[in-house]
Structure formats: C-alpha cells, structure tokens
Amino acid sequence: MSQGKIVAIANQKGGVGKSTTAINLGAGLAFQGERILIVDLDPQGNTTSGLGIDRNSIDESMYDVLVEGTGIEDVLEPTSVKDLHVVPATIELAGAEIELVSMMSREQRLKQALSRVIDEYDFILIDCPPSLGLLTINGLAAADEVMIPIQCEYYALEGVSQLTRNIGLVQANLNPELEVEGIVLTMFDGRTTLASDVVAQVREHFGETTYKTVIPRTVRLSEAPSYGEPIEAFDSMSRGAIAYRELAREFRRRHGRT
C-alpha cells in the first residue's frame, strides 16, 4: 500500500466553506472506500463539532500534538462514518500560534506528527484556519497539495493572490514539493448572475485546476453540522450531498483512483 497523500484545505478568507469541504469531501471519500484522516487545525473547531465530536469531552487535541509532542495516534477520534477519523481541535489551539514561535523547527511540527500515521490512511485532509499564521504554515509545510475553496461571491478572488504568494514562499523555503491540487467553487447561488460570473472568472483565471463540480449554497448543507453529521449521512438526496459525492469522485479520478 502506498503512502497516503496529504491535502491542505486553505484560504485565508473566512467563511468560504473550508470546514464544510473538509467534512463532506472527507466523508464522501470514506463512503467511496478510502481511509481518511481529517486534521482540524482551526481553533474554532468547526470540523470537529461538525463530525459529531463534543469538544468539551476531549482530553487531548491538536494543541497537544503541536505543542506537547503528543503522538497523533493517541489523539485521533473515530467518527460516525466508517474509515473516517479526525484529529480534533479546541479553542486551546489558538494559544499554539504563540507557543510555537519559540520552538525548534516550528513550521514542521505537523509534518513530523503526521509521519507516524501516514501509512494508515489513503488521504489526510488538513482544515487550515482562515489566517496565514504558524498553524496554516504547518498545514502547508506538511501537505503534498493544497485545495483552495472559493465562494461564488463578489471579491471571491481577493485574498487568493495573497494565498498564492504565500504558497510560493512555503514552496521556496519549506516544502518545494507542494502544489495546488485544485480550486473548488462553493456557495453557488444559481439565482444570481454574479455567481455565474464568478464561476466564469475563476475558470478563466485557474483553468483546468478548477474542479468541474460546483458546490451549491443550500439550507441542508448549513444545517448538517449542528447535527454532527456530514451531509451524506444527514440527507443523502439533497443537492449538497449530490455535489460533494461528485466532488469526491472527481478528486479520486485526479488521484488515479477509480
């Protein structure tokens, strides 16, 4: 069995559907037979709670892995989906940003931690926080690829050029192998011409890198996290579930898995 691929899901703009994509792409891949680990690197812990993990009942979390050097295998939690595990985040993780500053090889802490479990999974998805601090840099330094969700709204491309620059810096200084895996268009509202314009604009800008599957803005998709379930388990016939199922298929095709 070949070593798992690590994919960071990043965009320093908040509210673009990073956690939604981490949860539902991860679950979609697990439902299609892949072994998946999701790493929640965001102190808000939306991915953790969205997968049904109670943040108040967690003994150890991503904070302990990065700051205390706890083995990642001792921290990961199973979810309600077979073959889908998560390394949970709590608000404590916000402190890691400061504590990491004085540490040796501070940008590589996540990479070192993941090396212990990489053979256990087909794909490891890292949900990066909406900022470009040390947590996101750890995510990009550990990853083979980065997936960028972009919402279909005004100013969609704002911030992406900054992110692309930072990916370039990480490539130059920490992780020369890192490449952009793909751009995922999220929160598409078919009733507006603006959304269609943004799709056209992003496709023009990024070409083939942009996924064909577009994720719609739907009520069911925004309700699912409060039930601690991915959309596939919550309402498998909803438009959001159908879109993420297709995204998972397209993702697997890109990675030569049929």
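As the structure is a prediction and not an experimental result, all values here were calculated from the model.

Parameters and conventions
Residues numbered from 1 in each chain as written. Predicted model: local features only at pLDDT ≥ 70, side-chain atom pairs only at ≥ 80, totals over all residues. Heavy atoms only, no water. Helix = DSSP H or I, 4+ residues; strand = E, 2+ residues; numbered from the N terminus. Rg over C-alpha atoms; globule rule 2.2 N^0.38 Å. Areas by Shrake-Rupley, 256 points an atom, 1.4 Å probe, with all protein chains shown as cover. Lys, Arg positive; Asp, Glu negative; His and termini not counted. Charge placed at Lys NZ, Arg CZ, Asp CG, Glu CD. Buried < 20%, exposed > 50% of the residue type's maximum accessible area, 1.4 Å probe, protein only. Right-handed = clockwise from strand over helix to strand, strands pointing away. Pairing = 2+ DSSP bridges. Salt bridge = Lys/Arg side-chain N within 4 Å of Asp/Glu carboxyl O. Contact = heavy atoms within 4.5 Å. Axes fitted to C-alpha atoms, helices over the stretch in contact; angles between N-to-C directions. Polar contact = N/O pair within 3.5 Å; in protein donor to acceptor, adjacent residues only side chain to side chain. Patch = residues over 30% accessible without salt bridge, like charges linked within 9 Å, V, L, I, M, F, W, Y side chains within 5 Å. Expected span 1.5 Å × (residues − 1). Core = buried A, V, L, I, M, F, W, Y, C linked by side-chain atoms within 4.5 Å.

A. Just the overall build of the chain, in detail. Assigned secondary structure in the chain consists of eleven helices and eight strands. On C-alpha atoms alone, the chain measures out to a radius of gyration of 17 Å, which is about the 18 Å that the 2.2 N^0.38 rule sets for 258 residues. Structurally, the chain occupies a C-alpha span of about 50 × 40 × 35 Å along its principal axes. Accessible surface, the chain: about 11,400 Å² in total, of which carbon and sulfur atoms supply 49%. Charge separation in the chain, taken as the distance between the mean sites of 23 positive and 37 negative side-chain charges, equals 7 Å.

B. Broad picture of the pairing of strand 7 (residues 179-188). Counting buried positions along strand 7 yields seven of ten residues, so the element is predominantly enclosed. With helix 7 (residues 160-173) bridging strand 6 (residues 145-151) and the parallel strand 7, this β-α-β connection has right-handed handedness. Here strand 7 runs beside strand 8 (residues 210-216); their pairing, made up of three bridges, is parallel. Each bridged residue has a counterpart across the sheet, and for Leu185 the counterpart in strand 8 is Val214. Taken together, strand 7, helix 8 (residues 193-206) and strand 8 constitute a β-α-β crossover, and its handedness is right-handed.

C. Quick look at the pattern of salt bridges. Enumeration over the complete set of coordinates arrives at 14 salt bridges. For Glu246, the salt bridge identified is with Arg253, shortest N-O distance 3.6 Å.

D. Focus on the sheet that holds strand 3 (residues 77-78). The sheet built from eight strands is open, its strands ordered 3-4-2-5-1-6-7-8 with mixed pairing. Either end of the sheet is taken by a strand with one partner, and the two such strands are strand 3 and strand 8. Where strand 3 meets strand 4 (residues 84-87), two bridges bridge the pair, whose relative direction is antiparallel. Counted as the bridge partner of Pro78 is His85 from strand 4. Contacting strand 1 (5-9), strand 2 (36-40), strand 4, strand 5 (123-127), strand 6 and strand 7, helix 1 (residues 18-31) runs over the sheet at an angle of about 165° to strand 5. Packing of helix 6 (residues 134-142) onto the sheet brings it into contact with strand 1, strand 5 and strand 6, and relative to strand 1 it is tilted by some 150°.

E. Fine view of the side chain of Arg109. With respect to the helices and strands, Arg109 occurs in helix 5 (residues 109-114). An unpaired buried charge is present at Arg109: no salt bridge exists, and Glu68, the closest side chain of opposite charge, is 7.5 Å distant. A polar contact is formed between the side chain of Arg109 and the backbone oxygen of Leu66, at a distance of 2.8 Å. Leave out the neighbours within four places in its chain, and Arg109 touches Leu66, Val67, Gly69, Leu100, Met103, Met104 and Asn138.

F. Molecular detail of a negative patch on the surface. A cluster of acidic residues, Asp59, Glu60, Glu68, Asp74, Glu92 and Glu99, forms a negative patch at the surface. Assignment of secondary structure puts Glu60 in the loop between helix 2 (46-50) and helix 3 (62-68).

G. Local environment of the environment of Val39. Inspection of the secondary structure puts Val39 in strand 2. Distance from Val39 to Met62, taken between C-alpha atoms, is 7.9 Å for residues 23 residues apart in sequence.

H. Representation of helix 1 within the structure. For helix 1, spanning 14 residues, the distance from its first C-alpha to its last is 20 Å, which sits close to the expected 20 Å at 1.5 Å a residue. With respect to burial, helix 1 is a largely interior element, twelve of its 14 residues being buried. Among the residues making up helix 1, those that are buried are Lys18, Ser19, Thr21, Ala22, Ile23, Asn24, Leu25, Gly26, Ala27, Gly28, Leu29 and Ala30. Gly33 lies just past helix 1 and shows a positive phi near 100°.

I. Representation of the environment of Leu157. The topology assignment puts Leu157 in the loop between strand 6 and helix 7. Taking relative accessible area as the criterion, Leu157 reaches 18% and is therefore assigned buried. When the C-alpha atoms of Leu157 and Ser236 are compared, they prove to be 31 Å apart, with 79 residues separating the residues in sequence. Every residue in contact with Leu157, bar those within four places of it in the chain, is listed here: Ile150, Gln201, Val202, His205 and Phe206.

J. Quick look at the nonpolar core. Within the largest apolar cluster, 51 residues are counted, with the highest numbers of intra-cluster contacts made by Leu37, Val39, Met62, Leu110, Leu114, Ile126 and Ile150. Not counting chain neighbours up to four residues away, the residues in contact with Leu114 comprise Ile6, Leu37, Val39, Ile72, Ile124, Ile126 and Ala142. Counting 32 residues, the second largest nonpolar core, distinct from the first, contains Ile215, Ala224, Ile231 and Ala243.

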